[in-house]
Amino acid sequence: MENYLLFGALGFFLIFVLLVLIFKLAAGEDCYSKMNKLHKKIFFIYILGAFTYSFYLGELNQFPFISFIVGSFIFLSLHYVYLFSLVGISKKSISINILANIKNLSSDGENSSVKALCEFMNKEENGLDYIRENRLRQMELLNWAKLENGQYHLTPKGKLFNQMGNTVLKIWNLKRL
């Protein structure tokens, strides 16, 4: 049973990644919400499978909750700590986008001075204005913020995630820039 809970977490996560790749869920405007919805469904199947398998083995009254918690932690961490972060950094990071634009500018044979880079980024889809607008739209899609009468305000979910971010920064003795 413990093997199912631990290795099953890895297996179900691999199924999740495979489905994300097959259905191209990491692409598109609401990629985070699509991936999160699928992740929740696969996690529910993992949980259902754990209890069904335990019932089948006749071990439901001796269910290994510690292994279940560790397996759940593995499954959730692989998505939210690793996969989600990699997609986010690769797609949404201003720094990574600037690096890509420097490379694109250099490959065109132009000088990569600050002025040339700013002009290039203003012409490109992933310039700073685009990144800002895309991030704001993403916060709306994730239900972290709402735009009403031309002003953004945080939703309860947005306040929770903001507080979580503040707590992490405080633990590491960091401040927002």
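Structure shown above.
Residues numbered from 1 in each chain as written. Predicted model: local features only at pLDDT ≥ 70, side-chain atom pairs only at ≥ 80, totals over all residues. Heavy atoms only, no water.

Draft legend 1. Unusual backbone geometry, seen in detail. Of note in this structure, Lys 24 is not a glycine but carries a positive phi near 50 degrees. Residue position: Lys 24 is located in the loop between α1 (2-22) and α2 (31-57). Assessed through its relative accessible area of 61%, Lys 24 is described here as exposed. A positive phi is found at Asn 173, a non-glycine position, where the angle reads about 55 degrees. (Helix = DSSP H or I, 4+ residues; strand = E, 2+ residues; numbered from the N terminus. Buried < 20%, exposed > 50% of the residue type's maximum accessible area, 1.4 Å probe, protein only.)

Draft legend 2. Broad picture of the nonpolar core. If you look at the biggest cluster of nonpolar residues, it comprises 17 residues, and the most contacted ones within it are Leu 5, Phe 16, Tyr 46 and Phe 75. Apart from residues lying up to four places away in sequence, Phe 75 is in contact with Ala 9, Phe 12, Phe 13, His 39, Ile 42 and Phe 43. Leu 105, Ala 116, Leu 117 and Phe 120 belong to the second-largest nonpolar core, a separate cluster that totals five residues. (Core = buried A, V, L, I, M, F, W, Y, C linked by side-chain atoms within 4.5 Å. Contact = heavy atoms within 4.5 Å.)

Draft legend 3. Quick peek at the packing of α1 against α2. Where α1 meets α2, the axes come as close as 10 Å, and the angle between the chain directions of the two elements is 150 degrees. Considering their axes alone, α1 and α2 lie roughly antiparallel with respect to each other. Of the two possible hands of crossing, α1 and α2 adopt the one that is right-handed. Side by side, α1 and α2 meet where Tyr 4, Leu 5, Gly 8, Ala 9, Phe 12, Ile 15, Phe 16, Leu 19 and Val 20 of the first sit next to Met 35, Leu 38, His 39, Ile 42, Ile 45, Tyr 46, Gly 49, Ala 50 and Tyr 53 of the second. (Axes fitted to C-alpha atoms, helices over the stretch in contact; angles between N-to-C directions. Parallel < 35°, antiparallel > 145°, perpendicular 65-115°, else oblique. Left-handed = near helix turned anticlockwise from the far one by under 90°.)

Draft legend 4. Focus on a nonpolar patch on the surface. Together, Phe 65, Ile 66, Ile 69 and Val 70 give the surface a local cluster of nonpolar side chains, amounting to about 410 Å² of exposed area. Note on placement: Phe 65 falls in helix α3 (residues 65-92). (Patch = residues over 30% accessible without salt bridge, like charges linked within 9 Å, V, L, I, M, F, W, Y side chains within 5 Å. Areas by Shrake-Rupley, 256 points an atom, 1.4 Å probe, with all protein chains shown as cover. Salt bridge = Lys/Arg side-chain N within 4 Å of Asp/Glu carboxyl O.)

Draft legend 5. Quick look at the pairing of strand β1 (residues 145-148). Of the strand pairs in this sheet, β1 and strand β2 (residues 151-154) are connected by four bridges, and their pairing is antiparallel. In the sheet register, Leu 147 faces β2, and the bridge partner there is Tyr 152. (Pairing = 2+ DSSP bridges.)

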